[in-house]
Amino acid sequence: CRGMADSACTTGDTHQSGTERIGGINGMNTSKEEADHMAAYLKCLAEGHEVEWVFNCSFGPIIDIAEIFCANYLGHSSAMSKELVERWTAFHEANKDNPKAKYLHFCHSQGAIHTRNALKDLPEEIRQRIIVVAIAPAAIVPTELCYKSFNYASKNDPVPLGEAFFWGETAPTKGMDLYQQLVRLDPHPEASTFDHEFESPTFRGLLKERIEEYLTHHGEYD
């Protein structure tokens, strides 16, 4: 799934039929072209199944980092959170007659913070529609906030520790014990030094596994 043409991916207002719905959101300091490639990468792993993507636009690394520490960690994601809420709500409305229908959502780095903030804004009945796969998350997405969550990070990646660093000594009262839900992976031999990239070979097998399991269930879970 490397070297795919941009035309292979589907982003923006993609509509998918049936109960199977796969979507995602990228992290900070990501261009539109890079976000499109993430969506195309997932589509390839999903053997051509459509993937809808929320583009988390960047204003450069300095401003993006300031947003994370001055707003996102405090629970504010503004437009990004609203976009996710709208998509998940639309999926819920389209499947009101099928409570088993679930939405498979992928998020990377800062996108995991936006995902968590969006879930907090939703009623329980919609949160229970969402299966989250967080890759190199800048914040843990707790399974208590959705139907199920998977949080994966390389053992070489310091980014998932950012929120614990932010809260400092107040971490225990802010739920930092949720880090027990983070699965630390041995980096792939071909991974980069910090191994933070969404398309790192460290995560490839797990991404495919989560997608295959979802499609095997046809997007439906009891």
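So, here is what we can say about the structure in this document. Sequence order as written defines the numbering, with residues in each chain counted from 1. For a predicted model such as this one, the threshold for reporting local features is a pLDDT of at least 70, and the threshold for listing and counting side-chain atom pairs is 80 or more; totals across whole chains, interfaces and linings nevertheless cover every residue. Only hydrogens and water are set aside when side-chain values are computed; all heavy atoms of the structure are taken into account.

### Comments concerning the overall build of the chain
Here's step 1: Looking only at helices and strands, the chain has seven helices and six strands in total.
Here's step 2: Numbering of helices and strands starts at the N terminus; helices are DSSP runs of H or I of at least 4 residues and strands are runs of E of at least 2. Sequence-ordered secondary structure for the chain, helices as α and strands as β, is β-α-β-α-α-β-α-α-β-β-α-β-α.
Here's step 3: Note on classification: 1.4 Å probe, protein chains only; a residue is buried when its accessible area is under 20% of the maximum for its type, exposed when over 50%, partly exposed between these limits. In the chain, which comprises 222 residues, the proportion classed as buried is 53%.
Here's step 4: Of the contacts made within the chain by residues no fewer than 6 positions apart, 76% connect residues no fewer than 24 positions apart.
Here's step 5: Each accessible area is a Shrake-Rupley result for a 1.4 Å probe, and residues are judged covered by the shown protein chains and nothing else. Of the accessible surface of the chain, which amounts to about 10100 Å², a share of 56% is contributed by carbon and sulfur atoms. Two residues form a contact once any of their heavy atoms are found within 4.5 Å.

### Some words on the pattern of salt bridges
Here's step 1: Within this document, salt bridges are pairs made up of a side-chain nitrogen of Lys or Arg and a carboxyl oxygen of Asp or Glu, the two lying within 4 Å of each other. Going through the model one piece at a time under the given rule, you end up with twelve salt bridges.
Here's step 2: Residue glutamate 124 pairs with arginine 127 through a salt bridge whose shortest N-O separation is 2.4 Å. One end of the pair, glutamate 124, and the other, arginine 127, are both in helix α5 (residues 124-127), three residues apart, so they sit about a helical turn from each other.
Here's step 3: Judged by relative accessible area, which is 41%, glutamate 124 ranks as partly exposed.
Here's step 4: Taking relative accessible area as the criterion, arginine 127 reaches 15% and is therefore assigned buried.
Here's step 5: For glutamate 212, the salt bridge is made with lysine 208, and the minimal N-O distance between the two is 3.4 Å. Remark: lysine 208 and glutamate 212 occur in helix α7 (residues 201-216); sequence separation between them is four residues, near one turn of the helix.

### Digging into the nonpolar core
Here's step 1: Ranked by size, the top nonpolar core spans 26 residues in total, and within it Phe106, Phe198 and Leu207 carry the most contacts.
Here's step 2: Put simply, the parts of the chain that give this core at least two residues each are α1 (32-45), β3 (103-108), β4 (130-135), β5 (148-154) and α7.
Here's step 3: Ranked by residue count, the leading element in this core is α1, at six residues.
Here's step 4: When near neighbours in sequence (up to four residues on either side) are disregarded, leucine 207 contacts Tyr41, Leu42, Leu45, Phe106, Val133, Ile135 and Phe198.
Here's step 5: Counting 21 residues, the second largest nonpolar core, distinct from the first, contains Phe91, Cys107, Ala118 and Cys146. Here, nonpolar core refers to any group of buried Ala, Val, Leu, Ile, Met, Phe, Trp, Tyr and Cys residues whose side-chain atoms link them within 4.5 Å.

### Digging into the sheet that holds β3
Here's step 1: Strands were regarded as paired on the criterion that DSSP finds at least two bridges between them. Here we have six strands laid out as an open sheet, ordered β2-β1-β3-β4-β5-β6, and parallel in their pairing. The open sheet is flanked by β2 (52-54) and β6 (182-185), the only strands paired with a single partner. On average, each strand axis in the sheet is tilted by 20° relative to the strand beside it, whichever way the strands run.
Here's step 2: Where β4 lies against β5, five bridges are found, and the strand directions are parallel. Bridging across to β5, alanine 134 finds its partner in asparagine 151.
Here's step 3: Packing of α1 onto the sheet brings it into contact with β2 and β3, and relative to β2 it is tilted by some 150°.
Here's step 4: Against the sheet, helix α3 (residues 78-94) touches β1 (21-25), β2, β3 and β4, its axis set at about 150° to β2. Whenever a helix is involved, its axis is fitted only over the stretch in contact; in every case the axis is a line through C-alpha atoms, and angles between N-to-C directions fall within 0 to 180 degrees.

### Describing the side chain of asparagine 95
Here's step 1: Note on placement: asparagine 95 falls in the loop between α3 and β3.
Here's step 2: Engagement of the side chain of asparagine 95 in a polar contact is seen with the backbone oxygen of phenylalanine 91, the distance being 2.9 Å. Pairs of N or O atoms within 3.5 Å make up the polar contacts considered here, provided that, within protein, one atom can donate a hydrogen while the other can accept it, and that residues adjacent in sequence are counted only when both atoms are side-chain atoms.

### Points about the packing of helix α2 (residues 61-70) against helix α4 (residues 110-120)
Here's step 1: Look at α2 against α4: their axes get within 11 Å of each other, and the N-to-C directions meet at 35°. In this structure, α2 crosses over α4, and the sense of that crossing is left-handed. Taken together, the residues of α4 that come into contact with α2 (itself represented by Asp64, Glu67 and Ile68) are Gln110, Ile113 and His114.
Here's step 2: Classification used: nonpolar for Ala, Val, Leu, Ile, Met, Phe, Trp, Tyr, Cys and Pro, charged for Asp, Glu, Lys and Arg, polar for all others including Gly. The residue inventory of the contact of α2 with α4, partitioned by class, reads two nonpolar, two polar and two charged. Whether a crossing is left-handed or right-handed is set by the direction in which the near helix is turned from the far one by less than a right angle, anticlockwise for left-handed and clockwise for right-handed.

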